[in-house]
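Listed here are the chains, written in short residue letters.
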Amino acid sequence: MNWQQIQTQLKELGERAYRADQLRKPVFEEGIASYEEISTWPESLKKALSNQSPILSLTLREMTASQDQRCRKAVLECKDGKKIETVLLRPSDARWTTCISSQVGCAVGCPFCATGLMGIKRNLVAEEITDQVLFWRQFMKKEKIAGRLSHVVYMGMGEPFSNYAEVSQSLKILMDQSLFNLAARHISVSTSGIAPKIALFAEDFPQVNFALSLHAASDELRNRLVPVNKAYPLSKIREALKAYLQKSSRKIFLEYILLKGTNDRPKDAKDLIGFVRSVGPLELLHINLIIFNQTDSPFEATAEKDARIFQKKIMDAKIHSTIRQNLGRDIEGACGQLILKQ
Ligand code: SAH
Ligand code: SF4
């Protein structure tokens, strides 16, 4: 739903401002799926809006659920026929999180990531980004799932900072108290490292969680694993992260997928420790070690016991770290597994 457009349309139809107010809460908080459910509206108005502006700009094409029901993946079709994926996660009993896409595909081309392997088709507009959250609110209402969808991570398909204008607009809509009303601290944005946008993000959204997909701490290896590193090498990333910390003073999450024999060697741990120490105060930096989800690529996951050994080296250097639990592997709904034939 494009709220601005709806407001204009209501005005054009000669409606007073309170009509919009009657629509706001049912759509954004309660997740109603059709204008029919707005009991305070006259039939003629319901009909006019249904024809002009459907509540959701995306259409459900496919839905899968993991066996434990903690991860659901939906394939949604945009108005131009392009398809995106979005994931609903229940990492703990008390929390519902959605992992949303910011582009159809991705141009960065990380060789371990399924989205990267499909290339870029186009950017999503803010409405298509926020409609993924709206879709899951509607889904939870329809399925009578208790609880509130309160957390959003921009870790689906695409590189959010290559679509900064629309992503930034979508963040404002998600945090707007009269619309989605999500807390900034419950939203996370992850980037592969578009350096000039990192400081800008700290300025624009100092309270939103920020993650950088590091994956390697030497330029030679990172050029290969995260090809955007050729444009923005580690020296630029370091400066950008320092600028971020000056502006935001929030903790930065550094994502590091462990790939067997590629970036999990003792030298890699040493490089990683060196890089983190060169960025800033250790209490403001947190390494998320991610267990690789298999994709159609030559990479293999580091065994869990070796991941623990790698983690110990980092913790011995007094750097905070966790090994990230991944949900939804059985339905290819986990990070980096999102791919779609268009
Ligand atoms: N493009 C952005 C955000 C989307 S990717 C970025 O790269 O940060 C979200 C996260 O999933 C990133 O940390 C990414 O590196 C990780 N990821 C990609 N492929 C993965 C895979 N096969 N297994 C585990 N994590 C993966
Ligand atoms: Fe794009 Fe992120 Fe996948 Fe890299 S990991 S190809 S930046 S979506």
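Now for a quick tour of the structure. From a predicted model like this one, the values you see are computed outputs, not experimental measurements.

A count of helices and strands for the protein chain gives 11 helices and 12 strands. Relative to the 2.2 N^0.38 estimate, which gives 20 Å for 342 residues, the radius of gyration of the protein chain is 21 Å and therefore close to what a compact globule would have. With respect to the three principal axes, the spread of C-alpha positions in the protein chain is 70 × 40 × 35 Å. Counting only carbon and sulfur atoms, one obtains 50% of the accessible surface of the protein chain, whose full area is about 15,200 Å². In the protein chain, 48 side chains carry a positive charge and 38 a negative one; their mean positions are 3 Å apart.

Further remarks concern the packing of helix α2 (residues 18-30) against helix α5 (residues 126-142). Two quantities define a packed helix pair, namely the angle between the axes and the distance from one axis to the other. Viewed as axis vectors pointing N to C, α2 and α5 meet at an angle of 85°, and their least axial separation amounts to 8 Å. Looking at the two axes, α2 sits roughly perpendicular to α5. Contacts from Val27, Phe28, Glu29 and Glu30 in α2 reach Leu134, Arg137 and Lys141 in α5. Tallied by class, the residues present in the contact of α2 with α5 amount to 3 nonpolar, no polar and 4 charged.

In terms of nonpolar packing, the biggest core is built from 103 residues, with Met1, Tyr154, Phe201 and Leu241 touching the most fellow members. A per-element tally of this core places α5 first, with 7 residues. Not counting residues within four places of it along the chain, the set of residues in contact with tyrosine 154 comprises Ile100, Ile129, Pro160, Val167, Ser170, Leu171, Leu174, Ile187, Ser188, Val189 and Ser190. Judged by nonpolar contacts, the second largest core, of 5 residues, contains Cys71, Leu89, Cys99 and Val153.

Inspection of every chain in the model, using the stated rule, returns 19 salt bridges. The salt bridge partner of glutamate 43 is lysine 46, with a shortest N-O separation of 3.2 Å. In this pair, glutamate 43 and lysine 46 both sit in helix α3 (residues 43-52), 3 residues apart, roughly one turn of the helix. By relative accessible area, glutamate 43 is classed as exposed at 51%. For the salt bridge of aspartate 268 with arginine 265, the shortest nitrogen-to-oxygen distance reads 2.7 Å.

This part covers the packing of helix α9 (residues 234-248) against helix α10 (residues 266-279). One way to put it is that α9 packs onto α10 with a least axis distance of 9 Å and a crossing angle of 40°. Accordingly, the angle class assigned to the pair α9 and α10 is oblique. Between α9 and α10 the crossing geometry is right-handed. In this structure, α9 contributes Leu234, Ile237, Arg238, Leu241, Lys242 and Leu245 to the contact, and α10 contributes Phe275, Ser278 and Val279. Its residues assigned to classes, the contact of α9 with α10 shows 6 nonpolar, 1 polar and 2 charged.

A few words now on the packing of aromatic side chains. Following the criterion strictly, the structure yields 13 aromatic pairs and no others. Ring centres 4.9 Å apart and planes at 70° place the aromatic pair phenylalanine 135 and tryptophan 136 in the edge-to-face group. Centroid distance phenylalanine 161 to tyrosine 164: 5.6 Å. Interplanar angle 65°. Geometry classified as edge-to-face. The structure contains a cluster of three or more aromatic residues connected by ring pairs, namely Phe161, Tyr164, Phe201, Phe205, Phe210 and Tyr244.

A word on α2. For α2, with 13 residues, the first-to-last C-alpha span of 18 Å sits near the 18 Å given by 1.5 Å per residue. Among the residues making up α2, those that are buried are Arg19, Ala20, Leu23, Arg24, Pro26, Val27 and Phe28. As for α2, its buried residues are in contact with α1 (3-12), α3 and α5. In the stretch just after α2, glycine 31 is the one whose phi turns positive, near 80°.

Contacts to ligand 2 come from Cys106, Val108, Gly109, Cys110, Cys113, Gly116, Gly158 and Ser192. Considered class by class, the residues forming the shell around ligand 2 number 4 nonpolar, 4 polar and no charged.

Here the focus is the side chain of serine 248. Counting through the fold element by element, serine 248 comes out in helix α9. On the accessibility criterion, serine 248 (9% relative accessible area) is buried. Reaching out from serine 248, the side chain makes a polar contact with the backbone nitrogen of arginine 250 at a distance of 2.9 Å. Contacts of serine 248, omitting those with residues within four sequence positions, involve Ala202 and Pro206.

For sheets, the rule is that strands pair by backbone hydrogen bonds, running either parallel or antiparallel. One open sheet accounts for 10 strands, arranged β1-β2-β3-β4-β7-β8-β9-β10-β11-β12; its pairing is mixed. Among the strands making up the open sheet, the edge pair consists of β1 (59-65) and β12 (320-324). Between one strand axis and the next, the sheet turns through 25° on average, direction left out of account. Sitting on the sheet, α10 touches β10 (252-258) and β11 (285-291), and the angle it makes with β11 is about 150°.

Cut-off values and rules
- Residues numbered from 1 in each chain as written.
- Chains lettered and ligands numbered in written order.
- Predicted model: local features only at pLDDT ≥ 70, side-chain atom pairs only at ≥ 80, totals over all residues.
- Heavy atoms only, no water.
- Helix = DSSP H or I, 4+ residues; strand = E, 2+ residues; numbered from the N terminus.
- Rg over C-alpha atoms; globule rule 2.2 N^0.38 Å.
- Areas by Shrake-Rupley, 256 points an atom, 1.4 Å probe, with all protein chains shown as cover.
- Lys, Arg positive; Asp, Glu negative; His and termini not counted.
- Charge placed at Lys NZ, Arg CZ, Asp CG, Glu CD.
- Axes fitted to C-alpha atoms, helices over the stretch in contact; angles between N-to-C directions.
- Parallel < 35°, antiparallel > 145°, perpendicular 65-115°, else oblique.
- Contact = heavy atoms within 4.5 Å.
- Nonpolar A, V, L, I, M, F, W, Y, C, P; charged D, E, K, R; others polar.
- Core = buried A, V, L, I, M, F, W, Y, C linked by side-chain atoms within 4.5 Å.
- Buried < 20%, exposed > 50% of the residue type's maximum accessible area, 1.4 Å probe, protein only.
- Salt bridge = Lys/Arg side-chain N within 4 Å of Asp/Glu carboxyl O.
- Left-handed = near helix turned anticlockwise from the far one by under 90°.
- Phe/Tyr/Trp six-rings, centres within 6.5 Å; stacked < 30°, edge-to-face > 60°.
- Expected span 1.5 Å × (residues − 1).
- Near = heavy atom within 4 Å.
- Polar contact = N/O pair within 3.5 Å; in protein donor to acceptor, adjacent residues only side chain to side chain.
- Pairing = 2+ DSSP bridges.

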